[in-house]
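# Coordinate inspection notes
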Amino acid sequence: MLAVVSLWCASTADVSAVENDVKKLNGKWAVTVDNAPYGYENFEVTIKEKEKTYLADVNGSEVRLRDQKFTEIDGKLQANMYVGEYVTVTIWEEKGVVKGAAATSMGVLDLKFKKLAEKK
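Residues numbered from 1 in each chain as written. Predicted model: local features only at pLDDT ≥ 70, side-chain atom pairs only at ≥ 80, totals over all residues. Heavy atoms only, no water.

### Overview of the confidence of the model for the chain
Chain-level pLDDT for the chain is 84 on average; 82% of the residues reach the 70-or-more range. Note on residues 1-20: pLDDT is under 50 here. Beyond four places in sequence and across chains, it has three contacts. (pLDDT = per-residue confidence, 0-100. Contact = heavy atoms within 4.5 Å.)

Now the structure itself:
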């Protein structure tokens, strides 16, 4: 009985940790994509949670997307977006640093995130 309770507590703690990690992604971010084609290197991304769904607005010189739906998978947010081609974007928090990757026809491109100050 004690083993069952211990396993339940451990699994509940892990789920809470994942939820907390994803919640850290909310906010406004400056995103840099090294090795991306011209016009696709810099974006401003706003991630928000609305009714247990994660949405992102993406603004760049060549891309303007609103309310792109992200799915939470294993403590990471993932979405398929059209930015001249379909790409799979994955965003996560690791040891206090927000990271990301975009799977494209050119291969996987790293996304670098820098938190932007919220305007009041």
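### What to know about the packing of aromatic side chains
Across all of its chains, the model carries two aromatic pairs by this definition. The ring centre of W92 lies 4.6 Å from the NZ or CZ of K76, which sits over that ring. (Phe/Tyr/Trp six-rings, centres within 6.5 Å; stacked < 30°, edge-to-face > 60°. Lys NZ or Arg CZ within 6 Å of the ring centre and 35° of its normal.)

### Details of the pairing of strand β1 (residues 27-33)
The two faces of a sheet get side chains in turn, since along a regular strand they alternate between them. Two strands pair when backbone bridges link them, and β1 and strand β2 (residues 42-50) are joined in this way by six bridges, in the antiparallel orientation. Following the sheet pairing, G27 is matched in β2 by I47. (Pairing = 2+ DSSP bridges. Helix = DSSP H or I, 4+ residues; strand = E, 2+ residues; numbered from the N terminus.)

### Section: the environment of D34
Take D34: it is sitting in the loop between β1 and β2. Overall, D34 belongs to the partly exposed group, its relative accessible area being 35%. Between the alpha carbons of D34 and K112 there is a distance of 8.3 Å; along the sequence they are 78 residues apart. Excluding its chain neighbours within four sequence positions, the residues that come into contact with D34 are L109, D110 and K112. Here K112 takes part through its side chain, which lies 2.6 Å from a polar atom of the side chain of D34. (Buried < 20%, exposed > 50% of the residue type's maximum accessible area, 1.4 Å probe, protein only. Polar contact = N/O pair within 3.5 Å; in protein donor to acceptor, adjacent residues only side chain to side chain.)

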